[in-house]
Every structure is written in structure tokens, then in C-alpha cells.
Amino acid sequence: MKYLAVAAMMVLPVVLVRAQPSPPPPPGWEEVVRFYEQRVRDAGIVGSSLVLVRDGRVVASHQVGYQDLDAKRPVTPETIFHWGSITKTLTGIAIMQLRDRKRLSLDDAAVKYVPELRQVHNPFGDMSQVTLRQLMSHTAGFRAPTWPWGGDQDWHPFEPTRWEQVVAMFPYTTLLFPPGSKYSYSNPGVIFLGRTIEALSGDDYEMYVTKNILAPLGMSHTFFDRAPYHLLPRRSHSYYRDDEGLQEGRFDFDTGITVSNGGLNAPLGDMAKYLAFLMGGPGQPEAHEGVLARASLEEMFRPVARASDGEGGTGQEVQIGLSFFLERHQGLDLVAHSGSQGGFLSHFYLHLPTRTGFVVAYNTEVTTKKGANPEVTRQVDAELRDEILKRVFSRAR
């Protein structure tokens, strides 16, 4: 029904980021590594990987723990993690590509491309009020979960596997607030953007993104959903740890119809290429402009609405742009997005003025009923962010 969308199958003449970090690491990195190793191990996270990018190249990286605990296979720079909702940023870029090619307007009604949405109940007016811009900024009024029932049994699909299943929910779906009036994180909204991409391009979502984003950026080991055979040994397992112990999650899972909001898998080297593209700068490779004009990217980084701490973004000053979060920590304005699905958690942060960014992935969701913070991996992630900002980013200003 759909392609695996493996960029590795395509000829890729462009390499935008060196695969190996360039010594020496930046000042403060050794302190970051010590902190990172200690917190990951103390939290009981099985494996994690971290990469720092500056001026379009990897300048430091570090890995901790195992990608497969049973086999004692360590995390390496080639380990492939699942990126969950960071996929949404690729979906947003694809919509902007179609906008720049005059195929759509961001203020078009979503029903123009997804007519089935007319079945949704809108107590505030007509469904034509919902626009693509609102879907990109989580201000359309849709609920947060894609599939609000089940998913807690091994025999359940990981996510709905067919578009018809999602459509069947529409007569039982209502908008929660007037479109455009406020922010509320929504996974279904991004699925509708994915359908729009397919309707206008004639490609499956995965193939469109591979041809028009992943391949030009040289992300040759990146794919959606289940791994191609030659990359399966590199794919990380995932885990859940709570007060009762450790349990392995589903391996090599399929995100089904929700691929446009959470289906991405990639090693950190490929994600570093993506960060280099997002940050841009002097000497930007021609391939970057070929993917999306810098002016259009910067449009995505402008605030649309005040967001909510812990609801996609973090911090008391968090805002949502077009598919990207705008956060402020330690006096630094940052572009960010996180992902959390199937036991994996990930995050990237970009400081555009210094073209410095980092991306991190964890393969274990750790929770506890003890202590003040039940979401342990998220706490580690926030503490690591603050450590990197203090030790590395602050010195780059």
C-alpha cells in the first residue's frame, strides 16, 4: 500500500555534514559528557546518543549504553533511533514546499484537500474555518490523540493502519474550541496535512518526503516505519522502565496512517544533516535552497500562538510557529521540537544566531510514582538541555 521510502535506495551525490566529529571538541563539552553519562545511567535509560552541530558540521558526539540490551550491542554513531513527533517538522516543510510551488495557500481550508473533514462536528461554525496554517500551528481545535481508544494490548495495531479507520471517527469527532483562537497540541491535525501532501503530489507521504527532503539532504540511512533489511541490525530496540522493572517495547513498529506525525527513523548523523539545513548560514549548500528557500524556513520560525509548557514544547515562554516550537531558556531564543513514541524520546534545539544546535535520542521511557517528577526521561532531557546551554551554547555567543 505504501513505500518504505528509504533514502538509501537513491543516488545521493551531496554530503552536507562530515560523518565524524572534528577534534577538538568545543570548550565545555567534556563537562557535558560527564553529566550526560551520569544522568543517563542513574535514570536507568538503556541507551542514548547525542550530537552537537555548529556551522553546518558535527563538532562533537557521544553515545551511552545499549541499542539492544539482551545482545549487549552498544549504541554507536550508526544506531538508528525512532524520532516520533519530530516527523511533524518534515511534514511542515513539505507543506511549505507545495506553498512555494503555488500548489496551495496556508490559509486554504483543510476541507479543500481533505473533504472528509466536513463530517467533523464544529459547534463554532463551518468546517471550512479550519485552515492548513492552523493545522501546522496546532490551533485548529482538534483533540491531541489520533486514536483515543485501545492501543494498550499487544494484539492492537500500534496506530490505525488505514485512512478509512480515521475517517470513521469523524462523525464522532468535535472541535474543542473555535479554530485559530488558541493552541492545543494535536496529532490528528498533522495526519490531515499528510493527506494534503498526498492529494497534491500524487505520491505516498513517505515517498514524497524521501524524494524532496531526505534525498537532497543526503539523509541516506533515514526511513519511515519498518526498517529495510540492510538497516534492521542498526535499529535500536526500545524500553519502558518503571518502579516494577524494565520491559521491552515493540521492535521495528509501523505507525500506520499516522506516519506524517510520527513515522521517522534515522541515525544521528543523518539528523545532524537536517539540523545543518535548518540552521543555514554562509556557504549554505545549493541543495539547501533546493529543498526550501531560507525565507520560507524563517517564516516557519516566527511565532503564531502562545503554546503550553509540556504540551509539545517546554518552558513558560514557549510559542508555536509553523511546525516548530520557539523556546527561551537561559536567555537564549531557541527553535526546538521533541518526539516521544514507543519508548523512545528525542529532542533538538537550535540557536540560529550562532548556528549551534544539538540533537539527542533516548531509547527508554522511564517513569516513577516516587518523587516529584514522574517522567524521569523527560527530566533527564531537560537537565541535559540546561547543561549544554550553560557549558557550550553560552560560550558560542
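Along every chain, residues carry numbers that run from 1 in the direction the sequence is written. Thresholds applied to this predicted model are a pLDDT of at least 70 for local features of residues and 80 or more for the giving and counting of side-chain atom pairs; totals over whole chains, interfaces and linings are not thresholded and use all residues. The side-chain figures draw on all heavy atoms in the structure; neither hydrogens nor water molecules are used.

A word on the environment of Asn 212. Where helices and strands are cited, they refer to DSSP runs of H or I of at least four residues and of E of at least two residues respectively, numbered from the N terminus. Position of Asn 212 relative to the elements: it lies in helix 6 (residues 205–214). Only protein chains enter the accessibility calculation, which uses a 1.4 Å probe; a residue whose area is less than 20% of its type maximum is buried, one above 50% is exposed, and one in between is partly exposed. A relative accessible area of 22% places Asn 212 in the partly exposed class. As for Asn 212 and Gln 97, which are separated by 115 residues in sequence, their C-alpha atoms are 8.8 Å apart. By definition, residues are in contact when any of their heavy atoms lie within 4.5 Å. Once residues lying within four places of it in the same chain are set aside, the contact partners of Asn 212 are Gln 97 and Val 291. We define a polar contact as two N or O atoms separated by no more than 3.5 Å, with the added condition that, inside protein, one atom must be a possible hydrogen donor and the other a possible acceptor, whereas residues neighbouring each other in sequence contribute only through side-chain atom pairs. A polar contact of 2.9 Å, which involves the side chain of Asn 212, links it to the backbone oxygen of Tyr 208.

In this section: the pattern of salt bridges. Every case where a carboxyl oxygen of Asp or Glu lies within 4 Å of a side-chain nitrogen of Lys or Arg is listed as a salt bridge. In total, this model carries 20 salt bridges according to the counting rule given. A salt bridge links Arg 118 to Asp 126; the nearest nitrogen and oxygen atoms lie 3.3 Å apart. Arg 118 sits in the exposed class, given a relative accessible area of 51%. For Lys 273, the salt bridge identified is with Asp 270, shortest N-O distance 4.0 Å.

Bringing the sheet that holds strand 15 (residues 364–366) into the picture now. Taken in spatial order, the three strands of this open sheet run 7-6-15, and their pairing is mixed. Lying at the two open borders of the sheet, with one neighbouring strand each, are strand 7 (245–248) and strand 15. Direction aside, neighbouring strands of the sheet carry axes that sit 20° apart on average. Whether two strands pair depends on DSSP finding at least two bridges between them. Convention adopted: a line fitted to C-alpha atoms gives each axis, helices being fitted over their contacting stretch, and angles between N-to-C directions are expressed from 0 to 180 degrees.

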